[in-house]
Amino acid sequence: MLSVVSFYICYLLCLGLSLACVVCVCLWNSQWRGGFAWDGSALQFNWHPVLMVTGLIALYGNGAVLYRVPLTWGQNKLPWKLLHATVMLLALILSIVGLCAVFDFHNAKKIPNLYSLHSWIGIAATALFAIQWVVGMAGFLLPCSPMSLRALLKPVHVWMGGSILWLSIAACISGINEKLFFVLHGSANQAYADLPPEAVFANVLGVLIVAFGLVVLKILSNREWQRPESRPEDLAYTPLLQEENE
């Protein structure tokens, strides 16, 4: 009972931090960066941090911990597999649109693409995420995937999921820092070193992202919060359509 209570405390913290991250990144780009557009201007770039934080951090992290919710343990796993895949697909789509926003902006302004460490980490995280989703769909949801393949893929899938989250956090943190250095250079605005309100707010956003990632990884790494193993009679391969009817 104590383990379940402590899980839900962490889970509520996880939900609250993810919501705070999304709200903060939206406020930063609407209040200090001028809002949003899709016209090749700096306002189009503002979609990039919003979509990446929402997709690669908030949705991805919450999708990763779905199987840990105790209320799902005594139920058919298939609907939760589908929900997990759907949330992750939405996160991937938002991330790809976020990349399109920054590439379009760079091309319109004749700015080189993929020259910074931030961009390399971000592209790596998104590419691995796409591969992870495709392999997960093929290995865990397609009717033709045997149980031996699922057993082989599961530890790799779990490890890769945590690695992608850390890459996403690194990309977002480095991106926030890079953006602040670009816009707070001491000419028209205060220097970053002076810690104007925008810098403080964006730094807080970075702290929230790290805190969210730590809570997600705490949930994923706690063995007491792992979904119980399937019953022996459930270990035999069951096609997707048959599993849906159980």
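These numbers come from a predicted model, not from an experiment. Each residue is numbered by its place in its chain's sequence as written, counting from 1. With pLDDT at 70 or above as the cut-off, local features in this predicted model cover only qualifying residues; side-chain atom pairs require 80 or more to be listed or tallied, and sums for whole chains, interfaces and linings still use all residues. The side-chain numbers reported here are obtained from all heavy atoms of the structure, hydrogens and water having been left aside.

Another aspect to go through is helix 4 (residues 77-108). When the terminal C-alpha atoms of helix 4 are compared, their 47 Å separation across 32 residues agrees well with the 46 Å that a helix rising 1.5 Å per residue should span. Pairs of N or O atoms within 3.5 Å make up the polar contacts considered here, provided that, within protein, one atom can donate a hydrogen while the other can accept it, and that residues adjacent in sequence are counted only when both atoms are side-chain atoms. Secondary structure elements are defined from DSSP: runs of H or I of at least 4 residues count as helices, runs of E of at least 2 residues count as strands, and each element is numbered from the N terminus. One side-chain oxygen of the residue at the start of helix 4 lies 3.2 Å from the amide nitrogen of Leu 78, identifying that residue as Asn 76. Residue Lys 110 follows helix 4 closely and has a positive phi angle near 60°. Here a helix's expected span is defined as the number of its residues, less one, multiplied by 1.5 Å.

Turning our attention to the pattern of salt bridges. Salt bridges are defined as contacts in which a side-chain nitrogen from Lys or Arg sits within 4 Å of a carboxyl oxygen from Asp or Glu. Counted under the stated rule, the structure contains 1 salt bridge. In this structure, Glu 198 and Arg 33 form a salt bridge, with 2.8 Å as the shortest nitrogen-oxygen distance. Residue Glu 198 is located in helix 7 (residues 197-221), and its partner Arg 33 is located in the loop between helix 1 (2-32) and helix 2 (42-45); the two are separated by 165 residues in the primary sequence. Of the two residues, Glu 198 and Arg 33, neither departs from the other in class, the shared state being buried. Throughout, exposure labels follow a simple rule: accessible area from a 1.4 Å probe, protein chains only, divided by the maximum for the residue type, with under 20% read as buried, over 50% as exposed, and the rest as partly exposed.

Centres within 6.5 Å are what make two rings of Phe, Tyr or Trp a pair, Trp counting through its six-membered ring; a difference in plane orientation under 30 degrees is then read as stacked, over 60 as edge-to-face, and the rest as tilted. Taken as a whole, this structure holds 8 aromatic pairs when the rule is applied. Taking 5.0 Å as the distance between ring centres and 40° as the angle between the ring planes, the aromatic pair formed by Trp 32 and Phe 201 counts as tilted. Residue Trp 32 is found in helix 1, and its partner Phe 201 is found in helix 7; the two are separated by 169 residues along the sequence. Between Phe 181 and Tyr 192, the ring centres sit 5.0 Å apart and the planes meet at 75°, which makes this aromatic pair edge-to-face. Placement of the pair is Phe 181 in helix 6 (residues 147-183) and Tyr 192 in the loop between helix 6 and helix 7, with a sequence separation of 11 residues. Following the ring pairs from residue to residue traces out a cluster consisting of Phe 7, Tyr 8, Tyr 11 and Trp 225. The ring of Tyr 67 has Lys 77 sitting right over it, with the charged end atom 5.2 Å from the ring centre. Here, over-ring charges are defined by two tests on the NZ atom of lysine or the CZ atom of arginine: distance to the ring centre within 6 Å, and angle to the ring normal within 35 degrees. Looking at Lys 218, its charged tip hangs above the ring of Trp 225, at a distance of 5.9 Å from the centre.

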